[in-house]
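Notes for the structure review
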Amino acid sequence: MYVERLPVPALAGVVRTVWVQRTGDAPYVQRHLPTGGVELHFPVGGRPRLLGPLTAARLELLPARTTLVGVRYRPGAAPPLPVPLDDLVDRHVDLADLWGSRAERLAEACAGSPGRALAVLQARLPRRAVDPLVTEAMRLLMPWHPAGIDSVAGRLALSPSQLRRRCLQAVGVAPKTLQRTLRFQGFLALAQAGAGSPAGLAADAGYADQAHLSRECLRLTGLTPRALLGGSVEKCACGHDHSASYLPFLRDSFKNPPPAVPSLTR
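In this text, all values refer to a predicted model and were calculated from it rather than measured experimentally. (Residues numbered from 1 in each chain as written. Predicted model: local features only at pLDDT ≥ 70, side-chain atom pairs only at ≥ 80, totals over all residues. Heavy atoms only, no water.)

Digging into the nonpolar core
So the rule is basically this: Take the buried Ala, Val, Leu, Ile, Met, Phe, Trp, Tyr and Cys residues and link them wherever side-chain atoms come within 4.5 Å; each set so joined is a nonpolar core. When a residue's accessible area, from a 1.4 Å probe over protein chains only, is under 20% of the maximum for its type it is buried; when over 50% it is exposed; and in between it is partly exposed. Each helix corresponds to a stretch of at least 4 residues labelled H or I by DSSP, and each strand to a stretch of at least 2 residues labelled E; elements are numbered beginning at the N terminus. Contacts are assigned to residue pairs that have any heavy atoms within 4.5 Å of one another.
Leu 163, Phe 184, Phe 187 and Leu 188 are the most contacted members of the largest nonpolar core, which totals 37 residues. Sorting the residues of this core by element identifies helix 4 (132-140), helix 5 (149-155), helix 6 (160-170), helix 7 (175-192), helix 8 (198-204), helix 9 (210-221) and helix 11 (243-253) as the ones contributing at least two each. Among the elements that line this core, the one with the most residues is helix 7, at eight residues. Ignoring sequence-local partners within four residues, the contact set of Leu 188 consists of Leu 33, Leu 228, Leu 229 and Tyr 246. Ala 77, Leu 88, Ala 103 and Ala 117 belong to the second largest nonpolar core, which has 28 residues in total.

Here it is, written out as structure tokens:
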């Protein structure tokens, strides 16, 4: 079972989505995909972890009968950390190693129902300032704004090396890697909405053609688009509603708003 929803309004500028995931009577292999941001994972009754920015899929074996509460941050909006964000790329780190006793107190406060755990998390998450130039760079790197990195840097009155340095500090990855990730997230958003044919989805997400999409999907996820989406390239068949997570892409891609996001079961 997996259900996600939008964060509370106070976190809307930094958190992309929050979710609850439950495994059944057998262990479950979770394939974490690159999103451009970091994630906080709070297993109810377990030790919380931070998933750093990913450049490729990361597999995790979730034990049977696990309940996981998660927070997915927007690119460039990670929580305060004692180490540079690019040191956490492609890593899954015990949150106590980064936050010490604060992580342990949060984990204790998250005991109980998933709904209560999410409410506590969102009320107590530490904040940090967001780099406005990186936020604007991310907007310019979205799939519906096809642009070269040098062009984006020029529009921000930065040199390409300055843009790269600021992205590494705020996002953890270079601008080109971020652009590739955002483009793939755009494709997943379109597929989640069942927005068209395979070739049409590839073009709308900014790929040169369907073969380009297939190569990037293999590079980022280890799977073909058809395998990743559950047997179809035209529409995601995973059975989960990810409209909260993909809302930033859907809002700019379609005239009509996405369907309402379901409430999490308490």
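Some points on the packing of aromatic side chains
Stated precisely, the cut-off is as follows: Between the rings of Phe, Tyr and Trp (Trp by its six-membered ring), a pair exists once the centres lie within 6.5 Å; its type follows the angle of the planes, with under 30 degrees stacked, over 60 edge-to-face, and the other angles tilted.
If you walk through the whole model with that rule in mind, you get two aromatic pairs. Ring centres of Tyr 2 and Trp 19 lie 6.3 Å apart, and the angle between their planes is 35°; on these two criteria the pair is classed as tilted. In this pair, Tyr 2 is assigned in strand 1 (residues 2-5) and Trp 19 in strand 2 (residues 15-22), connecting sequence segments 17 residues apart. Looking at Tyr 2, the relative accessible area reads 12%, which means it is buried.

With respect to the sheet that holds strand 2
Put simply, the rule reads: Only strands that DSSP links by at least two bridges are regarded as paired with each other. Here an angle of 0 to 180 degrees is reported between the N-to-C directions of two axes, which are lines fitted to C-alpha atoms, with helices fitted over the stretch in contact.
The antiparallel open sheet is built from six strands, whose spatial order is 1-2-7-4-5-8. Looking along the sheet, the strands with just one partner apiece sit at the ends: strand 1 and strand 8 (92-94). If you compare each strand with its neighbour and ignore which way they point, the axes differ by 20° on average. On top of the sheet, helix 3 (residues 114-124) reaches strand 1, strand 2, strand 4 (39-43) and strand 7 (67-73); it is set at about 30° to strand 7, its chief contact.

Considerations on the pairing of strand 4
In terms of burial, strand 4 is largely enclosed, as four of its five residues are buried. Following strand 4, the chain reverses through five residues before pairing antiparallel with strand 5 (residues 49-51); Gly 45 in that reversal takes a positive phi of roughly 85°. Where strand 4 lies against strand 7, five bridges are found, and the strand directions are antiparallel. By the bridge assignment for strand 7, Pro 43 is matched with Leu 68.

Focus on the pattern of salt bridges
Spelled out, the test is: We define a salt bridge as a side-chain nitrogen of Lys or Arg found within 4 Å of a carboxyl oxygen belonging to Asp or Glu.
Under the defined criterion, the tally for this structure stands at 10 salt bridges. Salt-bridge contacts for Arg 72 lead to Glu 4; the nearest nitrogen and oxygen are separated by 3.9 Å. You can see Arg 72 sitting in strand 7 and its partner Glu 4 sitting in strand 1, a full 68 residues away along the chain. For Glu 4, a relative accessible area of 0% translates into the label buried. With a shortest N-O distance of 4.0 Å, Arg 49 and Glu 60 are connected by a salt bridge. In this pair, Arg 49 is assigned in strand 5 and Glu 60 in strand 6 (residues 58-62), connecting sequence segments 11 residues apart.

Here's the deal with the confidence of the model for the protein
This is how it is decided: Per residue, pLDDT captures the predictor's confidence, and it can take any value from 0 to 100.
With 92% of its residues at a pLDDT of 70 or more, the protein has an overall mean of 88. Confidence drops under a pLDDT of 50 for residues 253-266, and excluding neighbours within four residues, the segment shows 29 contacts in the predicted structure.

Observations regarding the side chain of Thr 35
Where we set the bar: Here a polar contact is recorded for every N or O atom pair within 3.5 Å, except that within protein the pair must consist of a potential hydrogen donor and a potential acceptor, and residues adjacent in sequence are included only if both atoms are side-chain atoms.
The topology assignment puts Thr 35 in the loop between strand 3 (28-32) and strand 4. On the basis of relative accessibility, which here comes to 8%, the residue Thr 35 falls in the buried class. In this structure the side chain of Thr 35 is engaged in a polar contact, spanning 3.2 Å, whose partner is the backbone nitrogen of Gly 37. The residues touching Thr 35, leaving out its near neighbours within four places in the chain, are Arg 16, Arg 72, Pro 75, Thr 181 and Gln 185.

A word on a nonpolar patch on the surface
Rules: Each patch is built from residues that are more than 30% exposed by relative accessible area and take part in no salt bridge. Like charges join if they lie within 9 Å; nonpolar side chains (Val, Leu, Ile, Met, Phe, Trp, Tyr) join within 5 Å. For the area figures, the Shrake-Rupley method with a 1.4 Å probe applies, and any residue is considered shielded solely by the protein chains shown.
On the surface, a nonpolar cluster with roughly 310 Å² of combined accessible area is contributed by Val 29, Leu 59 and Leu 61. Within the secondary structure layout, Leu 59 lies in strand 6. Residue classification places Leu 59 among the exposed residues on the basis of a relative accessible area of 52%.

So, the environment of Gly 37
Residue position: Gly 37 is located in the loop between strand 3 and strand 4. Residue Gly 37 is classed as buried on the basis of its relative accessible area of 8%. Gly 37 sits 133 residues away from Ala 170 along the chain, and the two C-alpha atoms are 9.7 Å apart. Not counting the four nearest positions on each side in its chain, Gly 37 is found in contact with Gly 52, Pro 53, Tyr 73, Arg 74 and Pro 75.

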